[in-house]
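Listed below, chain by chain, are the residues.
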Amino acid sequence: MLARNIQALNERRRQEEVRATLQEKIAEAITRFTGSMPFVYIHLAIFGFWIVANLGWIPGVPKWDETFVVLAMWASVEAIFLSTFVLISQNRMQAAADKRADLDLQISLLAEHEVTKLTALVSAMADRMGVRTEVDAELDEITQDVAPEAVLDEIEATQPEPN
C-alpha cells in the first residue's frame, strides 16, 4: 500500500512536470540555479573583480566604473528579474500546495465519514448485545456526519473582521 501511494505521488509529480509550460520550466531552472552556491560563487567573483578593479587595485586594468553606478544598476536590474522568477516559481508551488491541501481535505472528509459509519455500526452492535460504555452520552453526536460547510461557516463566524 505504501509503495503504491509513493508511486502514485511520484507519477503525479512527473505528470505535472510534463504539463509545465516552457516559461514555467525556464523560470524554475533559473530559480533553482540562483538558489545555489555556484550562483553565489559566480557573483562573488564578478562583483569582487568589479570592485577591486574599479578601486584601482589591479595593475594594468583600467577603471571603468569608479563610482560603481553601473554595478549598482546591473545588480538592481538583476534583482528585479530574479525576484520575478522566484515569484513565478512560488506561484507554481502554491498551486501544487493548493491541490495537495484539497486532496488532504477530501481524504479527511472520507475518513471522517467512514469513522462515523463504523461508530454507528459498533454502537448498534453494542446496543444489540446490551453493552454500555462511558461514551454512550456522546454517541448521538459522534454518529452524525460532519457537514464541512457548517464547520467553515462556524470558523468564519468566529474570526475577527479584517480592518
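Residues numbered from 1 in each chain as written. Predicted model: local features only at pLDDT ≥ 70, side-chain atom pairs only at ≥ 80, totals over all residues. Heavy atoms only, no water.

Here we come to the pattern of salt bridges. Evaluated as defined, the whole model comprises 6 salt bridges. Residue glutamate 17 pairs with arginine 92 through a salt bridge whose shortest N-O separation is 3.5 Å. With glutamate 17 in helix 1 (residues 2–19) and arginine 92 in helix 4 (residues 69–129), this residue pair connects regions lying 75 residues apart in the sequence. The residue glutamate 24 makes a salt bridge to arginine 92 at a minimum N-O spacing of 3.9 Å. On the criterion of sequence distance, the pair formed by glutamate 24 in helix 2 (residues 22–34) and arginine 92 in helix 4 is long-range, its members being 68 residues apart. Among the charged side chains, a network of salt bridges with common partners joins Glu17, Glu24 and Arg92. (Salt bridge = Lys/Arg side-chain N within 4 Å of Asp/Glu carboxyl O. Helix = DSSP H or I, 4+ residues; strand = E, 2+ residues; numbered from the N terminus.)

What follows is about the environment of glutamate 28. Tracing the backbone through its elements, the reader meets glutamate 28 in helix 2. For glutamate 28, a relative accessible area of 19% gives the class buried. Dropping the residues within four chain positions of it, glutamate 28 is found in contact with Ser89 and Arg92. (Buried < 20%, exposed > 50% of the residue type's maximum accessible area, 1.4 Å probe, protein only. Contact = heavy atoms within 4.5 Å.)

Using the criterion set out here, one finds 5 aromatic pairs in the structure. The interplanar angle of 70 degrees and the centroid separation of 5.5 Å between the aromatic rings of phenylalanine 47 and tryptophan 74 together place this pair among those described as edge-to-face. A residue pair is termed long-range when its members are at least 10 positions apart, and phenylalanine 47 in helix 3 (residues 37–54) and tryptophan 74 in helix 4 qualify at 27 residues. Residue classification places tryptophan 74 among the partly exposed residues on the basis of a relative accessible area of 34%. Between tryptophan 50 and tryptophan 74, the ring centres sit 5.7 Å apart and the planes meet at 25 degrees, which makes this aromatic pair stacked. With tryptophan 50 in helix 3 and tryptophan 74 in helix 4, the pair connects residues that are 24 residues apart, well separated along the chain. Three or more aromatic residues link up through ring pairs in this structure, and these residues are Phe47, Phe49, Trp50, Trp64 and Trp74. (Phe/Tyr/Trp six-rings, centres within 6.5 Å; stacked < 30°, edge-to-face > 60°.)

Checked against the element boundaries, serine 83 lands in helix 4. Along the backbone, serine 83 and threonine 31 are 52 residues apart, and their C-alpha atoms lie at a distance of 9.0 Å.

With that settled, consider helix 3. Across its 18 residues, helix 3 extends 25 Å between first and last C-alpha, which sits within 8% of the 26 Å expected from 1.5 Å per residue. Turning to helix 3, its buried residues are Phe39, His43, Trp50, Ala53 and Asn54. Each buried residue of helix 3 lies within a common arc of 120 degrees when the element is viewed along its axis, so the set occupies one face. Summarising the geometry of helix 3, the exposed residues directed more than 90 degrees from the buried face are Tyr41 and Leu44. Buried residues belonging to helix 3 abut helix 2 and helix 4. Glycine 56 sits one or two positions beyond helix 3 and adopts a positive phi of about 85 degrees. (Expected span 1.5 Å × (residues − 1). Arc of directions from axis to C-beta.)

Moving on: the packing of helix 3 against helix 4. Running from N to C, helix 3 and helix 4 cross one another at 160 degrees; their axes reach a closest spacing of 11 Å. Relative to helix 4, the element helix 3 lies roughly antiparallel. Viewed along their axes, helix 3 and helix 4 form a crossing whose handedness is right-handed. Along its contact with helix 3, which presents Phe39, His43, Ile46, Phe47, Trp50 and Ile51, the element helix 4 presents Val70, Leu71, Trp74, Ala75, Glu78 and Leu82. Its residues placed into classes, the contact of helix 3 with helix 4 shows 10 nonpolar, 1 polar and 1 charged. (Axes fitted to C-alpha atoms, helices over the stretch in contact; angles between N-to-C directions. Parallel < 35°, antiparallel > 145°, perpendicular 65-115°, else oblique. Left-handed = near helix turned anticlockwise from the far one by under 90°. Nonpolar A, V, L, I, M, F, W, Y, C, P; charged D, E, K, R; others polar.)

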